[in-house]
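Fold and geometry: a report
The residues making up each chain are set out below.
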Amino acid sequence: MSEIDPNQFRIETEPYYRPVGNEIEQFAAAYDVRMPVMLKGPTGCGKSRFVEYMAYKLGKPLITVACNEDMTASDLIGRFLLDINGTKWQDGPLTIAARIGAICYLDEVVEARQDTTVVIHPLTDHRRQLPLEKKGELVNAHPDFQVVISYNPGYQSMMKDLKQSTKQRFGAMSFDFPTADIESEIVAHEAGVDRKVAERLVQVAQRSRNLKGHGLDEGMSTRLLVYAGQLIAQKIPPQAACQMALVEPLTDDPDMRDTLQAAVSTFFPEITDSSKDRAA
């Protein structure tokens, strides 16, 4: 029996999530049979928010791990640590989740080394076990435990893809940016701006997404649109807000920045006009 209180990992307040299809029903059905789930989609399209929402809706603890290239298997499963009494074992986030019956969310899992991700294999098949070889213990996953991973399939090289032996342990759900109507609704709600401003921000984003593969690795995410909207809600002029939240984070190329700023000026022309008046 784990001494860790699962309630510390519960989400107390319902996260805002706007469904775009039947993804809620699909995930709930996958959880009912404890199917591991893989979420695929571009950066900032709502994958992490969706997992938070589903954990809240299902009433389950959520442990999130932001994967990176320096993460080792010990970072996931645990290690022995030195203290004043000698050595003490400390569970990693994956082990804690398996013990207490949490949803373990591995965000951007392809960033982790492949020799690290293989530790999830025995937890994502019929065994549902996690061997702690250094400790000499075999952890049987709690009946409520589930593994969820996410990654962006359009932003990786062949050297940074999941092995088939990993992929085929998961059911998969594809995410993308929502339609303009729904994305405008999300931006307006999350940023606290009126619908007209949100619609203009979405139009700027759509222009940038058309440039993916033509000077940009990624277009503007919904997350960035919310940031821009929040700045506008704080009375920052729209063009300045867009420059800070949309243009500068996306590229360091001067020509591409000019192209994106021109798109901003197209949908927020009143700022450009007033600037010209002041200059005159």
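Summarised in this report is the structure supplied together with it. (Residues numbered from 1 in each chain as written. Predicted model: local features only at pLDDT ≥ 70, side-chain atom pairs only at ≥ 80, totals over all residues. Heavy atoms only, no water.)

Okay, the side chain of threonine 117 next. Tracing the sequence through the fold places threonine 117 in helix 5 (residues 114-117). Among the residues examined, threonine 117 registers a relative accessible area of 6% and is labelled buried. With residues up to four places along the chain from it excluded, the contact list for threonine 117 reads Val109 and Ala112. (Helix = DSSP H or I, 4+ residues; strand = E, 2+ residues; numbered from the N terminus. Buried < 20%, exposed > 50% of the residue type's maximum accessible area, 1.4 Å probe, protein only. Contact = heavy atoms within 4.5 Å.)

Counting 32 residues, the largest nonpolar core has Leu76, Leu94, Leu106, Val109, Phe145 and Ile149 as the members making the most contacts within it. Those elements giving two or more residues to this core turn out to be strand 2 (62-66), helix 3 (73-77), helix 4 (93-100), strand 5 (103-107), strand 6 (129-132) and strand 8 (146-151). The leading source of residues in this core is helix 4, at 5 residues. Sequence-distant contacts of phenylalanine 145, defined by excluding residues within four places in its chain, comprise Arg34, Leu94, Ala97, Ala98, Gly101, Ala102, Cys104, Leu123 and Arg128. (Core = buried A, V, L, I, M, F, W, Y, C linked by side-chain atoms within 4.5 Å.)

Counting through the fold element by element, leucine 82 comes out in strand 3 (residues 78-83). Along the backbone, leucine 82 and proline 178 are 96 residues apart, and their C-alpha atoms lie at a distance of 49 Å.

Time to look at the pattern of salt bridges. Two side chains with opposite charge may pair up if their charged atoms get near one another. The tally for this structure, following the rule as stated, stands at 15 salt bridges. With a closest N to O distance of 3.0 Å, glutamate 185 and arginine 18 form a salt bridge. Remark: arginine 18 occurs in the segment before helix 1 (23-32) and glutamate 185 occurs in helix 7 (residues 180-191); sequence separation between them is 167 residues. With a relative accessible area of 29%, glutamate 185 lands in the partly exposed category. Residue arginine 18 is classed as partly exposed on the basis of its relative accessible area of 27%. A single salt-bridge network, built from bridges that share partners, covers Asp91, Arg99, Lys135 and Glu137. (Salt bridge = Lys/Arg side-chain N within 4 Å of Asp/Glu carboxyl O.)

Estimated volume of the largest pocket: approximately 680 Å³. Every residue lining the largest pocket is counted, 31 residues in all, and those nearest its centre are Gly44, Cys45, Gly46, Lys47 and Arg49. A per-element tally of the lining of the largest pocket places helix 9 (residues 222-233) first, with 5 residues. Among the residues making up the lining of the largest pocket, the classes are represented as 11 nonpolar, 10 polar and 10 charged. (1 Å grid on protein atoms, 1.4 Å probe; cavity = no way out; pocket = protein on both sides within 12 Å on 5 of 7 lines; lining within 4 Å. Points joined across faces, edges and corners; volume = space filled by probe spheres on them. Nonpolar A, V, L, I, M, F, W, Y, C, P; charged D, E, K, R; others polar.)

Turning our eyes to something else, we now look at the packing of aromatic side chains. For the structure shown, the criterion picks out 5 aromatic pairs. Where tyrosine 17 meets phenylalanine 50, the ring centres are 5.3 Å apart and the plane angle is 55°; that geometry is what we call tilted. Residue tyrosine 17 is found in the segment before helix 1, and its partner phenylalanine 50 is found in helix 2 (residues 47-58); the two are separated by 33 residues along the sequence. Residue tyrosine 17 is classed as buried on the basis of its relative accessible area, which comes to 14%. The class for phenylalanine 50 is buried, based on a relative accessible area of 0%. (Phe/Tyr/Trp six-rings, centres within 6.5 Å; stacked < 30°, edge-to-face > 60°.)

The next point concerns a negative patch on the surface. Residues Asp252, Asp253, Asp255 and Asp258 make up a contiguous surface patch of negative charge. Relative to the helices and strands, aspartate 252 resides in the loop between helix 10 (238-247) and helix 11 (254-267). With a relative accessible area of 68%, aspartate 252 lands in the exposed category. (Patch = residues over 30% accessible without salt bridge, like charges linked within 9 Å, V, L, I, M, F, W, Y side chains within 5 Å. Areas by Shrake-Rupley, 256 points an atom, 1.4 Å probe, with all protein chains shown as cover. Lys, Arg positive; Asp, Glu negative; His and termini not counted. Charge placed at Lys NZ, Arg CZ, Asp CG, Glu CD.)

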